[in-house]
Amino acid sequence: MPLFGNIFSPKKTPPRKSASLSNLHSLDRSTREIELGLDYGTPNMNLTGQSLKFENGQWIAESGSSSGDRRETQRLRKRNQQLEEENNLLRLKVDILLDMLSETTAESHLMEKELEDLKSHSRRRK
């Protein structure tokens, strides 16, 4: 007779039941898509009377939009392009000014060091 009995030997687990009672797993892919509704189509939405659809990773306005909206969009795109070009020019100018500032700062430090050297050299002569 063991000291602790059989408390450390676990009981056997009962066999599992079937994972699914549904017969959908036996259907072919096209039938499953019809049954489960997996064919969603393209996403569409309507914002302020403008109909949009999602294609190739972008929202595209459907052909029913007015020409005034298109002109406004073109005007805004042109203005955006101008602002981006102006922004790039200003960034270039800032980079050039920073380069000029660092160059003059380095020259100033060199001149200060030269001046200090000359002062110390003239003090030694006296």
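Residues numbered from 1 in each chain as written. Predicted model: local features only at pLDDT ≥ 70, side-chain atom pairs only at ≥ 80, totals over all residues. Heavy atoms only, no water.

Asker: Explain the overall build of the chain to me, using residue names and the numbers behind them.
Answerer: A count of helical and extended segments in the chain gives two helices and three strands. Mapped from its N terminus to its C terminus, the chain presents α and β elements in the order α-β-β-β-α. Burial status across the chain gives 2% buried among its 126 residues. (Helix = DSSP H or I, 4+ residues; strand = E, 2+ residues; numbered from the N terminus. Buried < 20%, exposed > 50% of the residue type's maximum accessible area, 1.4 Å probe, protein only.)

Asker: Which residues make up the pattern of salt bridges, and what values do they have?
Answerer: Scanning all chains against the criterion turns up two salt bridges. Glu55 serves as the salt-bridge partner of Lys53, at 3.0 Å between the closest nitrogen and oxygen. Overall, Lys53 belongs to the partly exposed group, its relative accessible area being 24%. By relative accessible area, Glu55 is classed as partly exposed at 29%. Among the salt bridges present, the one from Glu72 reaches Arg75, with a minimum N-O distance of 2.8 Å. (Salt bridge = Lys/Arg side-chain N within 4 Å of Asp/Glu carboxyl O.)

Asker: Please provide a residue-by-residue account of a nonpolar patch on the surface, values included.
Answerer: A cluster of nonpolar side chains, contributed by Leu89, Leu92, Ile96, Leu97 and Met100, occupies part of the molecular surface with about 480 Å² of accessible area. The topology assignment puts Leu89 in helix H2 (residues 67-125). (Patch = residues over 30% accessible without salt bridge, like charges linked within 9 Å, V, L, I, M, F, W, Y side chains within 5 Å. Areas by Shrake-Rupley, 256 points an atom, 1.4 Å probe, with all protein chains shown as cover.)

Asker: Explain the sheet that holds strand S2 (residues 50-55) residue by residue, including any values.
Answerer: With antiparallel pairing, the three strands of this open sheet are ordered in space as S1-S2-S3. For this open sheet the edge positions go to strand S1 (44-47) and strand S3 (58-61), each flanked by a neighbour on one side alone. Averaged over all adjacent pairs, the angle separating strand axes in this sheet is 35°, with direction ignored. Where S1 meets S2, four bridges bridge the pair, whose relative direction is antiparallel. Residue pairing in the sheet places Leu47 in a bridge with Gln50 of S2. (Pairing = 2+ DSSP bridges. Axes fitted to C-alpha atoms, helices over the stretch in contact; angles between N-to-C directions.)

Asker: Any chance you could break down the environment of Asn46 for me, citing the residues and the numbers?
Answerer: Counting through the fold element by element, Asn46 comes out in strand S1. Here the side chain of Asn46 touches Gln50 through a polar contact of 3.3 Å, landing on its backbone nitrogen. (Polar contact = N/O pair within 3.5 Å; in protein donor to acceptor, adjacent residues only side chain to side chain.)

Asker: Please provide a residue-by-residue account of the pairing of S2, values included.
Answerer: Hairpin connection from S1 to S2: two residues lie between these consecutive antiparallel strands, with Thr48 at a positive phi of about 45°. As paired strands, S2 and S3 are joined by four bridges and run antiparallel to one another. Across the sheet, the residue bridging to Phe54 is Trp59, located in S3. With antiparallel pairing between neighbouring strands as the criterion, S2 and S3 make up a hairpin whose turn holds two residues, including Asn56 at a positive phi of roughly 50°.

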